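Here's the letter readout for the chains.
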Amino acid sequence: MTEQDDQLETAEHLASEELRRHALIEWKKRMQKTGPLPLSQPDMRELVHELQIHQIELEMQNDELRRVQEELDESRARYFDLFDLAPVGYCTISNKGLILEANLTAAFMLGVDRSALVKQPVSHFIVREDQDIYYLHRKQLFETGKPQACELQMVKKDGASFWVYLDATTVKDVDGEPVCRITMSDITLRKQEEAELLQVRKALEIANQKLKIALAREKLLSNTDVLTGLYNRRHFFEIAANEFYAAVRYQHPLTIILFDVDDFKQVNDNLGHAAGDKALEHVALAAASQLRKIDVLARYGGDEFIILLPQTSAQDTFPVAERIRESIANQRIAIDKGIFSVSTSIGIAEMMPTLDGEKIENIIQRADKAMYVAKAGGRNRTSIYIA
């Protein structure tokens, strides 16, 4: 016999002695009311005494049993409320994956009677696509003993699927075998809200992307000439202001080319405005093909074009202007009425940093004067402004 067994036997003996003491006190109280038995034989009196004491012991035991039964009933009711009527499902799973026990909430979530769950593999209630998630977490749970949690889809008896959050821990049963305790929380509504939120976010991203494209297109349209695709006059001056400031600050040269189509009015009058538009498109392409990436070409207005050449002197600009002029003159423009060509007169002017009040508009005015010198000289030629 172990020390624990000795302690248990001693406790039971003391409880019995205590019960007998209380019974004896109760017997004396009753004897005071009824008086002693009218018996002369000592043995008989002793026997009756013992029977009375025993009767009282039985009555007190019954009272104690009723009290314990009432406490058990209350505990059972609390257990029913806390376990069976819990807002989450509870299941005990064997290390082989069989359901050993489940509360009413779990049975309701799965759409089956609780008795029908016992000894059933829990994997039968997990959708096929998510069973690997379950097996992985169960494997980690029994290998590490650490709590595991995951989200997966389970399926009801009628085939309807729903999302659950599984929170699992491991304990040992009465035989010392490890079992898994699972808490199942229905998160279907949360998943639906997350999916809806994701759809809204994607829709917003698409709308935002479209808005960015639209804004970029609007910005491009606001900065470019619709016919030629070149920068327009307004945007040219925005760029020119920055380039002029940089040239002044770092003492770099800066040159402006200004040119227009010779006798452009005659093209429109004789061949039509469609021919004039086509001529402007050819001029823009020919000019752009002769420029560097840092050069800024824009449609200045009507049949006039302007070019800003950073870090370039007027003398170095002249060969560039000549290539532009020759390229335009060599263009053959086909229309319904036949083939025609155009020429340009080009003026060049360089920034004069020593000139008081020098600004980009002044350079353009000087280039304009040089252009009219080229026209006066017979057109289809290039002229550098000379002060």
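Everything here concerns the structure above.
Here's a quick rundown of the structure. Computed from a prediction, not measured in an experiment: that's the story for all the values here.

### Section: the overall build of the protein chain
Right, so step 1: Assigned secondary structure in the protein chain consists of eleven helices and twelve strands.
Right, so step 2: A buried classification covers 36% of the 387 residues belonging to the protein chain.
Right, so step 3: Within the protein chain, residue pairs in contact and separated by at least 24 positions form 57% of the contacts whose partners lie at least 6 positions apart.

### As for empty space enclosed by the protein
Right, so step 1: By the definition in use, this model includes two cavities of 30 Å³ or more.
Right, so step 2: Reported here for the largest cavity is a volume of approximately 90 Å³.
Right, so step 3: The wall of the largest cavity is formed by Tyr 134, His 137, Arg 138, Leu 141, Gln 148, Ala 149, Cys 150, Leu 166, Ala 168, Cys 180 and Ile 182.
Right, so step 4: Of all the secondary structure elements, the ones that give two or more residues to the lining of the largest cavity are helix H5 (131-144), strand S3 (148-155), strand S4 (161-172) and strand S5 (178-186).
Right, so step 5: The element best represented in the lining of the largest cavity is H5, accounting for four residues.
Right, so step 6: Approximately 40 Å³ is the volume attributed to the second largest cavity.
Right, so step 7: Taken together, Cys 91, Ile 93, Val 122, Ile 126, Met 154, Leu 166, Ile 182 and Met 184 make up the lining of the second largest cavity.
Right, so step 8: Those elements that provide at least two residues to the lining of the second largest cavity are strand S1 (89-94) and S5.
Right, so step 9: Residues that form the lining of the second largest cavity fall into these classes: eight nonpolar, no polar and no charged.

### Considerations on unusual backbone geometry
Right, so step 1: Phi is positive for Gln 251, which is not a glycine, with a value near 55 degrees.
Right, so step 2: Owing to a relative accessible area of 72%, Gln 251 belongs among the exposed residues under this scheme.
Right, so step 3: Even without a glycine there, the phi angle at Arg 379 is positive, about 70 degrees.
Right, so step 4: Within the secondary structure, Arg 379 is located in the loop between helix H11 (360-376) and strand S12 (382-384).

### Overview of the sheet that holds S4
Right, so step 1: Pairing is antiparallel in the open sheet, where five strands are placed in the order S2-S1-S5-S4-S3. If you trace the sheet from one side to the other, it starts and ends with strand S2 (99-102) and S3, each paired once. Along the sheet, successive strands turn relative to each other by an average axial angle of 30 degrees, direction set aside.
Right, so step 2: In terms of strand pairing, S3 meets S4 through eight bridges, oriented antiparallel. Bridging across to S4, Leu 152 finds its partner in Val 164.
Right, so step 3: This element, H5, spans S1, S3, S4 and S5 of the sheet and lies at about 145 degrees to S3.

Thresholds applied
- Residues numbered from 1 in each chain as written.
- Predicted model: local features only at pLDDT ≥ 70, side-chain atom pairs only at ≥ 80, totals over all residues.
- Heavy atoms only, no water.
- Helix = DSSP H or I, 4+ residues; strand = E, 2+ residues; numbered from the N terminus.
- Buried < 20%, exposed > 50% of the residue type's maximum accessible area, 1.4 Å probe, protein only.
- Contact = heavy atoms within 4.5 Å.
- 1 Å grid on protein atoms, 1.4 Å probe; cavity = no way out; pocket = protein on both sides within 12 Å on 5 of 7 lines; lining within 4 Å.
- Points joined across faces, edges and corners; volume = space filled by probe spheres on them.
- Nonpolar A, V, L, I, M, F, W, Y, C, P; charged D, E, K, R; others polar.
- Pairing = 2+ DSSP bridges.
- Axes fitted to C-alpha atoms, helices over the stretch in contact; angles between N-to-C directions.

By themselves, these observations are geometric and do not establish any function.
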